[in-house]
Amino acid sequence: MADNRPIGVFDSGLGGLTVVKELIKELPKEDIVYFGDTGRVPYGNRSVDTIKKYALEDEQFLLTHNVKLIVAACGTVSSVASDTAKKLPVPFFEVVSHACKTAVNTTKNGKIAVIGTSATVSSGQHKAEILRLNPNASVITCACPLFVPLVEEGWYKKEDAIVLETVKRYLKPIIDFGADTLILGCTHYPVLSDAIASVLGEGVALINAGTATAKAVADFLNEKALYSENGGDHKFFVSDKPNFFKEQASVLLQKEIDDRLVEKVDINSL
Ligand code: DGL
């Protein structure tokens, strides 16, 4: 039986659109309701308690839109606040486990690197999940806190000297470690893929957590026959700066986003 209710996706801000992009590729007929917490971004340097509080509020907001499942696009929420989804009345997808599974299936030398926000790296979630899947793997994790502001500033091209130097500096330990697989454990990092690939070289596979998660969502919908039969509409809610979001969304999704599709909401009034 089909289920035409939308998929709910949330993130601390606009970065989660990299996950939406993968969902649209994988599931073009699904309606998507997105919430970007642009008024409270970033989450990645906040305490676990605060991230959990925000995640719960974001999930509750999406439920008011009658979603059939919820995707936490945010690497930080997925790492430290997945337990907030335990009582949700709909299925929940985070981006850590699917990325780890893909990485374990991809690596040839068993050396896997993970990059993310400070909160993501401190949580140790990726390492624990990779070792659960393959106890013989070796894992290195590195926080790259400057990557998010670079991307938000629109500085992500590999030809940009500042971008290249920042990427080189953060990834040096990963090169020294000899990883052949790197998990991009934060929403913004796929935007830096070209710069990261140019520093690491062809021998290192980049795992986009959004791609891995979108595939998992598609498998779930197919398996349960819960896919949409007539959807494909996308609606975006933000807690601040809808115009900035609209401009960035048009760039990240590579399509024009109509003003009417982006709405500001007061997340604290729920
Ligand atoms: N969305 C966050 C993540 O994927 C990055 C931005 C932030 O720190 O909130 O971890």
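Described in the following lines is the structure provided in the data block. (Residues numbered from 1 in each chain as written. Predicted model: local features only at pLDDT ≥ 70, side-chain atom pairs only at ≥ 80, totals over all residues. Heavy atoms only, no water.)

Points about the side chain of Thr187
Within the secondary structure layout, Thr187 lies in the loop between strand E7 (181-184) and helix H9 (193-200). Using a relative accessible area of 6% as the deciding quantity, one classes Thr187 as buried. Residue contacts for Thr187: discarding those within four places in its chain leaves Asp11, Gly15, Gly16, Thr18, Ala73, Cys74 and Gly75. (Helix = DSSP H or I, 4+ residues; strand = E, 2+ residues; numbered from the N terminus. Buried < 20%, exposed > 50% of the residue type's maximum accessible area, 1.4 Å probe, protein only. Contact = heavy atoms within 4.5 Å.)

Examining the pairing of E7
As a general feature of sheets, a regular strand has side chains that alternate between the two faces. Of the two faces of E7, the one holding Thr181 and Ile183 and the one holding Leu182 and Leu184 are both buried throughout. Relative to E7, strand E5 (residues 111-116) runs parallel, the two being bridged by 4 bridges. Across the sheet, Val114 pairs through a bridge with Ile183, a residue of E7. Taken together, the 4 bridges between E7 and strand E8 (residues 205-208) define a ladder with parallel strand orientation. Paired with Ile183 across the bridge in E8 is Ile207. (Pairing = 2+ DSSP bridges.)

Examining the nonpolar core
If you look at the biggest cluster of nonpolar residues, it comprises 53 residues, and the most contacted ones within it are Leu17, Ile115, Ile174 and Ile196. Considering each element in turn, this core owes the most residues, 6 residues, to helix H10 (residues 209-223). Excluding residues within four positions of it along the chain, Ile174 makes contact with Ala113, Ile115, Ile140, Cys142, Ala179, Leu182 and Leu200. Counting residues in hydrophobic clusters, the runner-up holds 23 residues, among them Phe61, Ala81, Ala119 and Val265. (Core = buried A, V, L, I, M, F, W, Y, C linked by side-chain atoms within 4.5 Å.)

Some thoughts on the site of the ligand
Taken together, 14 residues form the shell around the ligand, and within it Asp11, Ser12, Tyr43, Gly44 and Thr76 come nearest. At a separation of 2.6 Å, an oxygen atom of the ligand approaches a polar side-chain atom of Ser12. In the model, an oxygen atom of the ligand is placed 2.6 Å from a nitrogen or oxygen of the Tyr43 main chain. When the ligand is considered free in solution it has 300 Å² of accessible area, and contact with the protein chains removes 98% of it. For the shell around the ligand, a count of residues per class yields 6 nonpolar, 7 polar and 1 charged. (Near = heavy atom within 4 Å. Polar contact = N/O pair within 3.5 Å; in protein donor to acceptor, adjacent residues only side chain to side chain. Areas by Shrake-Rupley, 256 points an atom, 1.4 Å probe, with all protein chains shown as cover. Nonpolar A, V, L, I, M, F, W, Y, C, P; charged D, E, K, R; others polar.)

Describing the packing of aromatic side chains
Here the structure, examined in full by the defined rule, presents 9 aromatic pairs. Both rings, one in Tyr43 and one in Tyr54, keep their centres 5.2 Å apart while their planes meet at 45 degrees; by these two values the pair is tilted. In this pair, Tyr43 is assigned in the loop between strand E2 (32-36) and helix H2 (48-63) and Tyr54 in helix H2, connecting sequence segments 11 residues apart. The class for Tyr43 is buried, based on a relative accessible area of 0%. Between Phe61 and Phe237 the ring centres are 5.2 Å apart and the planes differ by 70 degrees, which places this aromatic pair in the edge-to-face class. With Phe61 in helix H2 and Phe237 in strand E9 (residues 234-238), this pair connects stretches of sequence that are 176 residues apart. No difference in accessibility class separates Phe61 from Phe237, as the two residues are buried. Through pairs of rings, three or more aromatic residues link up here, namely Tyr34, Phe236 and Phe245. Above the face of the Tyr54 ring, Arg40 is positioned so that its terminal group lies 3.8 Å from the ring centre. We note Lys235 situated over the ring of Phe237; from NZ or CZ to the ring centre the distance is 5.0 Å. (Phe/Tyr/Trp six-rings, centres within 6.5 Å; stacked < 30°, edge-to-face > 60°. Lys NZ or Arg CZ within 6 Å of the ring centre and 35° of its normal.)

Some details on the sheet that holds strand E1 (residues 7-11)
The sheet built from 6 strands is open, its strands ordered E4-E3-E1-E2-E9-E10 with parallel pairing. Here the strands that pair on one side only, and so sit at the sheet edges, are strand E4 (92-93) and strand E10 (262-264). Of the pairings in the sheet, the one linking E1 to E2 comprises 5 bridges and is parallel in character. Residue pairing in the sheet places Asp11 in a bridge with Gly36 of E2. Sitting on the sheet, helix H1 (residues 17-26) is in contact with E1, E2, strand E3 (69-72) and E9, with an inclination near 170 degrees to E2. (Axes fitted to C-alpha atoms, helices over the stretch in contact; angles between N-to-C directions.)

Here we look at the packing of helix H8 (residues 161-177) against H9
Contact geometry of H8 with H9 gives a least axis separation of 9 Å together with a crossing angle of 50 degrees. When the axes of H8 and H9 are compared, the pair comes out oblique. H8 and H9 meet at a crossing whose hand is right-handed. Packed against H8, whose contacting residues are Val163, Leu164, Val167, Lys168, Leu171, Ile174 and Ile175, the element H9 presents Ala195, Ile196, Ser198, Val199 and Leu200 at the interface. Classifying every residue of the contact of H8 with H9 gives 10 nonpolar, 1 polar and 1 charged. (Parallel < 35°, antiparallel > 145°, perpendicular 65-115°, else oblique. Left-handed = near helix turned anticlockwise from the far one by under 90°.)

A few points about the pairing of E9
Counted residue by residue, E9 has 4 buried out of 5 residues, so it is predominantly covered. Here E9 runs beside E10; their pairing, made up of 3 bridges, is parallel. Residue Val238 lies in a different strand from E10, and its bridge partner there is Lys264. Handedness of the crossover is the feature at issue here: the chain leaves E9, passes through helix H11 (residues 242-252), returns alongside E10, and the resulting connection is right-handed. (Right-handed = clockwise from strand over helix to strand, strands pointing away.)

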